[in-house]
Amino acid sequence: MQQPEAGRARVIPIHALPAGERTDPARSTDAAGEVAEVARVMQICNACRYCEGFCAVFPAMTRRLAFGPADAHYLANLCHNCGACLHACQYAPPHEFALNVPQAMARLRRRTYAQYAWPAALGGLYQRNGLTLAVALAAGLALFLALAVALSGQGVAGLWQARPDGDFYAIFPHHLMVSLFAPVFGFALLALGLGVRRFWRDGSAGEATAPPAPVPIPGAAAAEAARDALRLKYLDGGHGEGCHEEDDAATLARRRLHHFTFYGFLLCFAATGVATLYHYLLGWSAPYAWTSLPKLLGISGGLSLMVGTLGLWRLNLRRHPLQQDIAQRPMDRGFIALLFLTASSGLLLMLLRSTPALPLALCLHLGAVMALFATLPYGKFAHGIYRGAALLKFAVERRLPNRLALGDD
Ligand code: SF4
Ligand code: SF4
């Protein structure tokens, strides 16, 4: 790529796409078509730049003149789908350019998850991961656990029987639960970690920087990326008023509901972590008192998760089709449903702890948690991991000199 010379007027070239690569957004359903569509919209945006202040996608775009698959995947994951650039765009449908940045990004983003999945053969699961699969898997696992209780020495009567002090380890011993969950959780972590490593390695640093060797990650860049991810900065629409859902109105609902969901999930995770430390370090076994730290963390996390997922479900039903990738809806809803099932069954288990319904509530909760973990690497959860990596890449990249010097960094 030719670099601009000092003193010469700089022009942002719009490379014409070969006839075969010109895409109708509605038809670009294969990988090459989706990359070509992102390249097309980015080339138009790179000449227009009206949305430069909206989010990280546009400053990242200005460091590039061409958008190959790696650049397109990176930008697609940097987009938070707030919809602001669709509503601001003079070339949006019904204009003949039919420019829809959030939709082009969303379609390619879904492709990213499958492309970088580990093992590669399981990448196709993203296409099948939906609401029906999520609920059927949770129900099937709950049924399997209930059968295990009924076929054990406890018999069918063991399924409807109170346990002294609500001790659920009398139903499934602690070591059995650990041996069931640890491999599933370990595999999910490994698969997600290797997938995001592929994504990171594949992504170029942009023509503007093109470092000869891998670029180190400065601490300040890591801190900035973590801050932007934890605050969900780019769900504010660039103007602070939030995302677009079903119409032109901007709302902060999605940002807040994501926070309820994310921090609720973290609180539940912290509850499990503290309980594990209690068990192994202090020798204190569950169930714990209502005022204990694991219970307080679990109750607040569960309630927060329920509020977040119920709200996100409602937004998902109302979102305008132009602002999303319709094909991704089943995956979104499956993940939301599993999170809600996990949270609500956990709270139900606490409430029914002293009743004969304890065994069934336990089977339901464990089935939901296991289904959530099993689908974690091949479902919507992946979007948080890839988006976090894209934010880190952006924070690193913007600290490097921009050799193109075409944009306002
Ligand atoms: S989305 Fe439309 S208005 Fe915004 S930069 Fe691109 S072409 Fe310009
Ligand atoms: S984050 Fe919002 S403004 Fe930025 S590209 Fe995505 S939809 Fe457009």
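Residues numbered from 1 in each chain as written. Chains lettered and ligands numbered in written order. Predicted model: local features only at pLDDT ≥ 70, side-chain atom pairs only at ≥ 80, totals over all residues.

**Q** Mind showing me how you'd approach the overall build of the protein chain here?
**A** A tally of helices and strands in the protein chain yields 14 helices and 2 strands. Counting across all 409 residues of the protein chain, residues that qualify as buried make up 40%. Within the protein chain, contacts between residues at least 6 apart in sequence are counted, and of these 75% link residues at least 24 apart. (Helix = DSSP H or I, 4+ residues; strand = E, 2+ residues; numbered from the N terminus. Buried ≥ 20, exposed ≤ 12 C-beta atoms within 10 Å, placed from the backbone. Contact = placed C-beta atoms within 7 Å.)

**Q** Honestly, the site of ligand 2 in this entry has me stumped. Any pointers?
**A** Taken together, 16 residues surround ligand 2, and among them Cys55, Cys79, Cys82, Cys85 and Pro102 come closest. Put simply, the parts of the chain that give the shell around ligand 2 at least two residues each are helix H4 (84–88) and helix H5 (101–115). Here the element with the most residues in the shell around ligand 2 is H5; it accounts for 3 residues. Tallied by class, residues from the shell around ligand 2 come to 12 nonpolar, 4 polar and no charged. (Near = placed C-beta within 6 Å. Nonpolar A, V, L, I, M, F, W, Y, C, P; charged D, E, K, R; others polar.)

**Q** How do you make sense of the site of ligand 1 when you look at a structure like this?
**A** Neighbouring ligand 1 are 13 residues, the closest being Cys45, Cys48, Tyr50, Cys51 and Cys89. Elements that contribute at least two residues to the shell around ligand 1 include exactly helix H1 (31–48) and H4. Sort the elements by how many residues they give to the shell around ligand 1 and H1 lands first, with 3 residues.

**Q** For this particular structure, what's the right way to read the nonpolar core?
**A** By size, the foremost hydrophobic cluster in this structure holds 96 residues, and its most contacted members are Val38, Leu75 and Leu338. When residues in this core are grouped by element, the largest group, 12 residues, is from helix H13 (residues 358–375). Look past the residues within four positions of leucine 338 in its chain and what remains in contact with it is Ala134, Ala138, Ala368, Ala371, Leu372 and Thr375. (Core = buried A, V, L, I, M, F, W, Y, C linked by C-beta atoms within 7 Å.)

**Q** Is there a simple way to think about H1 in this case?
**A** An α-helical turn contains 3.6 residues, so a residue and the one three or four places further along point in the same direction. Helix length check: H1 (18 residues) gives 26 Å between terminal C-alpha atoms against 26 Å at 1.5 Å per residue, within 8%. Within the span of H1, buried status applies to Glu34, Val35, Ala36, Glu37, Val38, Ala39, Arg40, Val41, Met42, Gln43, Cys45 and Asn46. Here the buried face of H1 lies against helix H2 (57–61), helix H3 (69–78) and H5. Among the residues trailing H1, arginine 49 stands out with phi positive, at a value near 65 degrees. (Expected span 1.5 Å × (residues − 1).)

**Q** Honestly, the environment of serine 304 in this entry has me stumped. Any pointers?
**A** Here serine 304 lies in helix H11 (residues 293–318). Exposure remark for serine 304: the 21 C-beta atoms within 10 Å place this residue in the buried category. Spatially, the C-alpha atoms of serine 304 and threonine 261 are 6.3 Å apart, while their sequence positions differ by 43 residues. If we skip the residues at most four places from it in the chain, serine 304 touches Phe260, Tyr263, Gly264 and Leu267.

**Q** Could you clarify how one ought to interpret the packing of H1 against H3 in this entry?
**A** Relative placement of two packed helices is described by the angle separating their axes and the distance separating the axes. Orientation of H1 relative to H3, taken along the N-to-C sense of each, is 75 degrees, at an axis distance of 9 Å. Taken together, the axes of H1 and H3 are roughly perpendicular relative to one another. For the pair H1 and H3, the contacting residues are Val35, Val38, Ala39 and Met42 in the first and Pro69, Ala72, Leu75 and Ala76 in the second. Each residue belonging to the contact of H1 with H3 can be placed in one class, and the counts come to 8 nonpolar, no polar and no charged. (Axes fitted to C-alpha atoms, helices over the stretch in contact; angles between N-to-C directions. Parallel < 35°, antiparallel > 145°, perpendicular 65-115°, else oblique.)

**Q** Teacher, can you tell me more about unusual backbone geometry here?
**A** Residues other than glycine predominantly adopt negative phi, and peptide bonds predominantly adopt the trans conformation. A cis amide bond, omega -10 degrees, links tryptophan 118 with the succeeding residue proline 119. Within the secondary structure layout, proline 119 lies in the loop between H5 and helix H6 (125–128). Cis geometry marks the peptide bond from alanine 286 to proline 287, where omega comes out at 0 degrees. Mapping proline 287 onto the fold places it in the loop between helix H10 (253–282) and H11. The phi dihedral of leucine 232 falls on the positive side, at around 50 degrees, and the residue is not glycine. By the element assignment, leucine 232 lies in the loop between helix H9 (219–231) and strand S1 (243–244). Overall, the presence of 18 C-beta atoms within 10 Å leaves leucine 232 in the partly exposed class.

**Q** Just to check I follow, could you spell out the environment of isoleucine 326 for this structure?
**A** Mapped onto the secondary structure, isoleucine 326 falls in the loop between H11 and helix H12 (329–351). Residue class for isoleucine 326 comes out exposed when judged on the 12 C-beta atoms lying within 10 Å of it.

**Q** Whenever I open this one, the packing of H3 against H5 confuses me. Can you help?
**A** Across the interface, H3 lies against H5 with an axial gap of 8 Å and an inter-helix angle of 110 degrees. On the basis of the axis angle, H3 is roughly perpendicular to H5. Of the residues in H5, those touching H3 at Ala72, His73, Leu75, Ala76 and Asn77 are Met105, Leu108, Arg109 and Thr112. Tallied by class, the residues present in the contact of H3 with H5 amount to 5 nonpolar, 3 polar and 1 charged.

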